[in-house]
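Residues per chain are reported as follows:
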Amino acid sequence: MPTKSKPKKRKKTLVIVESPAKAKTIEKYLGRNYRVIASKGHIRDLPKSQMGIDFENHYEPKYISIRGKGDTIKELKAEAKKAKEVYLASDPDREGEAIAWHVAHALNLDDTAKNRVTFNEVTKDAVKNSFKHPRAINMDTVNAQQARRILDRIVGYSLSPILWDKVKKGLSAGRVQSVALKLVIDREKAINNFKPEEYWTIDAEFKKKTKMFKAQFWGINGKKQDLPNNDAVKNVLAKIDKKQEFNINNVVKRERRRQPAAPFTTSTMQQEANKRLSYRTRRTMSIAQQLYEGISLGKEGTVGLITYMRTDSKRISPIAQAEASKFLNEKYGAQYAAKGARHFKNQEDAQDAHEAIRPTSVYRTPESLKAVLTTEQYRLYKLIWSRFLASEMTPAVYDTVRADAEQNGVIFRTTGSKMKFAGFTKVYDNQQEKSSELPELENGDIVKLAKSDNKQHFTLPPARYTEASLVHALEENGVGRPSTYAPTIDTLQRRYYVKLEAKSIVPTELGEIVDDLIEKFFPDIVNIDFTAQLENDLDSIEAGQKNWVKVVDEYYHPFKKELDKADADIKKVQIKDEPAGFNCDICGAPMVIKMGRYGKFYACSRFPECRNTKAIVKKIGVLCPKCGKGDVVEKKSKRNRKFYGCSRYPECDFVSWDKPISRQCPNDGHFLVEKRSKHNLVVLCPNGDYSEEPREEEKENQ
């Protein structure tokens, strides 16, 4: 009797994505005939040990396998060998296209074959539909990425050695990084050079019958007038007869419509997450990546909750708009759903390859997902969901009033508004506008001056950048792209060119030295227009309008001239050590303050003979509540979190995450601490039986 032969194992179709988390999600969608594995990002890059560019051969890059990716490449080759066919499904942007090309090269795939699939959202329908329309790798997009990578390598690997030699080791410079640093330092210079100007205001409170309303001095005899000093205030007040009533005139009543903001782009998401949630840019992108790649929803399986998070487009697909309209009609009523498709205008230099960031289904409300999301994921998802839904809603409508109260030619102006219809603000309000109602005012009404208050003010310097406002400035100036903002700001902090104080970005002495050197010898690198034009040229390469070699050539030759001149002309920068004011407790030599990679520290002036170092600690002016002998000092944990401890450690082991103050709880004698909530600062007892608002002198010390 003949033996039955075993059925041949069917070959599977191999799909290669970037992320292991995304691989699991996509494999479930595609079914058992597909095998989905991850490249875990790039597998090839320029070598770290050398420039890796052949300048004599049209800037040919010398790509090598990335160290540590050997096992991944072996797995990719093994799986490709036994696969029926191979599809490349890396992210739908320049980096993703370059990764697909590098993987094709490593696996000896035909890069002209239609084996490239992209999807803007990790949902079953989007993924399955993408496989119905595969295409060849877009070499224009790959070349745009190559041009950027090569120019960044040329700038970074040319400038960094100069900084190491002339300033100190471990420094770096780059195209976008150097412009971002210049923006921060230019803002700091503007703050330091700022000269405050005096001005005054006169605030008044008027009474119409029993209702009060506020107004501000506007002008005299129909002309707007500033109040530069107290004499000007006295001249105005001299014209007013407090016993005489004021006439209401120039009453203007209007209906104002406020339109919703566009759905998020990468930069606006980073800005709003920083402002509303206090998330750093890198943290925002990390959470967004998790939401994009997929979250397990129980019976529904793993689903991508948002569309691709690296985009500068405000476009929304008609399908998503139709779903939002249906949801709004069902949930809030037809009066809240925008009539017809709404279109938001992109910035001039925006790439429109992907949609704006939105939920993959508006029916997955934040509340319905709260149980399966972490707190961070929930908060960011809610922000994205609300912003998108609001963008598809009707305007908020306000009744506004403007009126003048006049006596003897002196005019006080008041404005008020009352919400008539909530519109999109029912879901999301990015301005948090408050209604300020006025009593019913008509031309010819008579009102009484109840009181007036004249105050002296001084103009304020421009504010330091926060991560949110720096991202906005980079985007506004056309510098960098959505994928570059988070790593750029992160690099500035890691190199200690800037530091964060509360939310403000403050340049360090080291950052000022590096910026000064680059600005003097490489003006094009920190020229905003020059850098923005390069971004436009990269877009032109991607559009097939420019040759990448020619673009690199145009930027390299002027830079090479600057480089040759700088190498000869730059003198070594001496970062002077400041006297610390005390002697080394090991050898007795004077201690000095040195600049290190992570900030300033105390070191012995006899280094390297004596290697004694000490951290610089900040006293807060409070004696240790435990031992009563040492000072409470501010310290940093390994994760850079601020805490407070005794200066006599290890003799005294007092520590506190909250800042102690030099008062005791009246109830149990325990030391009190300051704790900052989202909107306020309170003084409380750690035992939980006492709290108070801080005294004015304590507020001033914050």
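Conventions and cut-offs
- Residues numbered from 1 in each chain as written.
- Predicted model: local features only at pLDDT ≥ 70, side-chain atom pairs only at ≥ 80, totals over all residues.
- Heavy atoms only, no water.
- UniProt positions renumbered as here; feature names shortened; annotations may be inferred.
- Helix = DSSP H or I, 4+ residues; strand = E, 2+ residues; numbered from the N terminus.
- Contact = heavy atoms within 4.5 Å.
- 1 Å grid on protein atoms, 1.4 Å probe; cavity = no way out; pocket = protein on both sides within 12 Å on 5 of 7 lines; lining within 4 Å.
- Points joined across faces, edges and corners; volume = space filled by probe spheres on them.
- Nonpolar A, V, L, I, M, F, W, Y, C, P; charged D, E, K, R; others polar.
- Pairing = 2+ DSSP bridges.
- Buried < 20%, exposed > 50% of the residue type's maximum accessible area, 1.4 Å probe, protein only.
- Polar contact = N/O pair within 3.5 Å; in protein donor to acceptor, adjacent residues only side chain to side chain.
- Salt bridge = Lys/Arg side-chain N within 4 Å of Asp/Glu carboxyl O.
- Axes fitted to C-alpha atoms, helices over the stretch in contact; angles between N-to-C directions.
- Core = buried A, V, L, I, M, F, W, Y, C linked by side-chain atoms within 4.5 Å.

The name given to the protein chain in an unreviewed UniProt entry is DNA topoisomerase 1, and the organism recorded there is Lactobacillus bombicola. As stated in UniProt under Catalytic activity (unreviewed entry), the record for the protein chain gives "ATP-independent breakage of single-stranded DNA, followed by passage and rejoining."

Let us now look at the UniProt feature "site: Interaction with DNA" (unreviewed entry) in the protein chain. As annotated by UniProt and renumbered to match this structure, "site: Interaction with DNA" (unreviewed entry) occupies His42, Arg148, Arg149, Asp152, Tyr157, Trp164, Arg310 and Arg495. Across 454 residues in sequence, these annotated residues place their C-alpha atoms as far as 33.5 Å from one another, rather than forming a single compact spot. Position of Trp164 among the secondary structure elements: in helix 5 (residues 139-166). Ignoring sequence-local partners within four residues, the contact set of Trp164 consists of Lys169, Gly170 and Leu171.

Below, the discussion takes up empty space enclosed by the protein. Using the criterion set out here, one finds 1 cavity of 30 Å³ or more in the structure. Here the largest cavity defines a volume of roughly 160 Å³. Lining the largest cavity are 14 residues, and of these Val155, Ile525, Phe530, Tyr555 and Phe559 lie nearest its centre. Of all the elements in the fold, those that place two or more residues in the lining of the largest cavity are helix 5, helix 16 (528-542) and helix 17 (548-569). Per-element tally for the lining of the largest cavity: the top contributor is helix 17, with 5 residues. In terms of residue class, the lining of the largest cavity is made up of 10 nonpolar, 1 polar and 3 charged.

Turning our attention to the sheet that holds strand 24 (residues 631-636). Here 4 strands make up an open sheet; going across it, the order is 23-24-25-26 and the pairing antiparallel. Each end of this open sheet is capped by a strand with a single partner; those strands are strand 23 (618-623) and strand 26 (655-656). Looking at chain direction, strand 25 (residues 642-646) and strand 26 are connected through 2 bridges and run antiparallel. Residue pairing in the sheet places Tyr644 in a bridge with Ser656 of strand 26.

So, on to helix 1 (residues 20-30). Residues of helix 1 that are buried: Lys22, Ala23, Thr25, Ile26, Tyr29 and Leu30. Looking at the packing, one finds that the buried side of helix 1 touches strand 1 (13-17), strand 2 (34-38), helix 4 (124-130), helix 9 (281-293) and strand 13 (302-303). Here helix 1 starts with a cap whose side-chain oxygen sits 3.2 Å from the backbone nitrogen of Ala21, and that cap is Ser19. Backbone geometry just after helix 1 places Gly31 at a positive phi near 95°.

Another point: the pattern of salt bridges. All chains considered together, the criterion is met by 44 salt bridges. The partner of Arg175 in a salt bridge is Glu535, with the nearest N and O atoms 3.6 Å apart. On the criterion of sequence distance, the pair formed by Arg175 in helix 6 (residues 175-193) and Glu535 in helix 16 is long-range, its members being 360 residues apart. Note on Glu535: relative accessible area 3%, which makes it buried. When the shortest N-O distance is used, the salt bridge between Lys565 and Asp569 registers 2.9 Å.

The strand order across the open sheet built from 3 strands is 2-1-7, with neighbouring strands paired in parallel fashion. Edge strands, defined here as strands with exactly one partner in the open sheet, are strand 2 and strand 7 (86-88). Each strand axis lies, on average, 20° off the axis of its neighbour in the sheet, ignoring direction. As paired strands, strand 1 and strand 2 are joined by 5 bridges and run parallel to one another. Considered in strand 2, the bridge of Val17 is made with Ala38. Across the sheet, helix 1 touches strand 1 and strand 2, and the angle it forms with strand 2 is around 170°. Lying on the sheet, helix 2 (residues 70-81) is in contact with strand 1, strand 2 and strand 7; it crosses strand 2 at an angle near 165°.

With that out of the way, let us pick up the nonpolar core. Ranked by internal contacts, the top residues of the largest apolar core, which has 61 residues, are Met269, Leu291, Ile306, Met309, Leu380 and Leu389. Top contributing element to this core by residue count: helix 12 (residues 375-391), with 9 residues.

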